[in-house]
Amino acid sequence: MDLNGKTLVLTGANGGLGQAIARELAAAGARLVLIGIGQVVLDDLARELGNGKSHHCPMDLDLSREQGIDELVQFCEELPNGIDGLINSAGLNRFAIAEDHDYQATSRLFMVNLVAPVMLSARLLPLLKTRKEALIVNIGSVLGAIGNPGYSAYCASKSGLARFSETLRRELADSPVKVLHFNPRVVRTGMNSAAVNSLNEKLGNKSDAPEQVASLLIRQLQEDRFGEYCVGWPEKLFVKINALFPGLVDRNFSKNLKLIKTAAREESEFIQARAVEKPAN
Ligand SMILES: NC(=O)c1ccc[n+]([C@@H]2O[C@H](COP(=O)([O-])OP(=O)(O)OC[C@H]3O[C@@H](n4cnc5c(N)ncnc54)[C@H](OP(=O)(O)O)[C@@H]3O)[C@@H](O)[C@H]2O)c1
């Protein structure tokens, strides 16, 4: 797909991976609607990408709320030239054992990781279907294909997103809208806390720079390779082994369970202590 001149909505645009994706898309000639929380960072990004000219549109919206979705949809409907694609990169993670999940953080995580992509797709599809060619990209995770202890809610949300992408791709087979579900392994961004980085290192989990991941994503789009894509080897193989022989993977995780649970508990205690110090408004 030629991205030059396409107008694309990118959520999570001010995130570690989102910024790298934004730079690649802008370099390929796309015009971007940049969605995130924090107008100043988004304005700076839009200026940098536009190289002094105003090709890109930054919007500070909370996608965990219906109002955020409504505002974005209304903005797209009023764009004189419409939109050609939606890239859902906004996401939240929570490293905690199952019994340490609380209602507020968990519902917010599901809203951002799953409900927002589903509702944005639903509401923007009427616009996308009017184009000669259009795209929807959902940024999933290898953790959407392999349940990792310490990430039950995150894995559930990304697994749900993967089935959503699969269904959408099949439902839209007779339309101009192509769907890509893109699963990174660990990416070196602010999403992962120091505790998570340290655990990943001890477990030998491989990680990628956001620029590498963004460039893989853009290549998939430019080479018209839609469907599902998983970043990294041996992660591609682990996903297949997990699907065929889950007992093998259970045993492998059992070996590291004590280490993972200790790190997750420490992370929850740290988050709780910080919440007491700085209560949310
Ligand atoms: N990092 C990894 O290891 C990794 C691995 C696999 C998959 N992924 C996936 O890759 C995607 C990008 O993650 P990242 O690494 O770039 O994480 P990140 O740096 O934490 O960025 C996440 C982005 O989501 C936005 N966001 C969070 N809550 C939002 C809300 N309520 N409304 C609107 N925007 C919201 C954030 O905005 P603010 O910063 O303004 O809050 C930020 O732009 C996510 O879907 C993530 O699950 C990441």
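All residue numbers refer to position in the chain's written sequence, counted from 1. Local features in this predicted model are restricted to residues whose pLDDT is 70 or higher, and side-chain atom pairs enter the listing and the counts only when it is 80 or higher, whereas totals over whole chains, interfaces and linings include all residues. As a convention, hydrogens and water are excluded, and side-chain values are obtained from all of the structure's heavy atoms.

Looking at the sheet that holds strand β5 (residues 134–139)
Move 1: For two strands to be treated as a pair, DSSP must find no fewer than two bridges joining them. Counting from the N terminus, the helices are the DSSP runs of H or I reaching at least four residues and the strands are the DSSP runs of E reaching at least two. Pairing is parallel in the open sheet, where 7 strands are placed in the order β3-β2-β1-β4-β5-β6-β9. The open sheet terminates on both sides in strands that have one partner only, identified here as β3 (57–60) and β9 (227–230). Within the sheet, the average angular offset between the axes of one strand and its neighbour, ignoring direction, is 15 degrees.
Move 2: In this structure, β5 lies alongside strand β6 (residues 177–183), joined through 6 bridges in parallel fashion. Across the sheet, residue Leu135 finds its bridge partner in β6, namely Lys178.
Move 3: Contacts are assigned to residue pairs that have any heavy atoms within 4.5 Å of one another. Note on geometry: axes are C-alpha line fits, over the in-contact stretch for helices, and angles between N-to-C directions span 0 to 180 degrees. With respect to the sheet, helix α5 (residues 152–171) is in contact with β5, β6 and β9, its orientation differing from that of β6 by roughly 155 degrees.

Digging into the nonpolar core
Across soluble globular proteins, nonpolar side chains show a tendency to be buried alongside one another.
Move 1: Only buried Ala, Val, Leu, Ile, Met, Phe, Trp, Tyr and Cys residues count toward a nonpolar core, and they belong to the same one when joined by side-chain atoms within 4.5 Å. Think of it in three bands: with a 1.4 Å probe and only protein chains considered, a residue is buried below 20% of the maximum accessible area for its type, exposed above 50%, and partly exposed in between. Membership of the largest hydrophobic core comes to 34 residues, with the highest contact counts inside it found for Ile21, Leu25, Leu32, Leu34 and Leu135.
Move 2: Breaking this core down by element, the ones donating at least two residues are β1 (7–11), α1 (16–27), β2 (31–36), α2 (39–50), β5, β6 and α7 (210–222).
Move 3: For this core, the element with the most residues is α1, which contributes 6 residues.
Move 4: The contact partners of Leu32, leaving out residues within four places of it in the chain, are Leu8, Ala22, Leu25, Ala26, Leu49, His55, His56 and Cys57.
Move 5: The next biggest cluster of nonpolar side chains, apart from the first, holds 28 residues, and it includes Val9, Val73, Leu128 and Ala134.

Looking at the pattern of salt bridges
Move 1: Whenever a carboxyl oxygen of Asp or Glu lies within 4 Å of a side-chain nitrogen of Lys or Arg, that contact is scored as a salt bridge. Scanning the entire structure with this criterion turns up 14 salt bridges.
Move 2: Residues Glu48 and Arg23 are paired through a salt bridge, measuring 2.7 Å at the closest nitrogen-oxygen approach. In this pair, Glu48 sits in helix α2 while Arg23 sits in helix α1, placing the two residues 25 residues apart along the sequence.
Move 3: The exposure class assigned to Arg23 is partly exposed, which follows from its relative accessible area of 34%.
Move 4: A salt bridge links Arg47 to Asp44, with the nearest nitrogen and oxygen atoms 2.8 Å apart. Taken together, the residues Arg47 and Asp44, both in helix α2 and 3 residues apart, mark about one turn of the helix.
Move 5: Residue classification places Arg47 among the exposed positions, given a relative accessible area of 52%.
Move 6: The network of salt bridges with common partners includes Arg163, Glu166 and Arg170.

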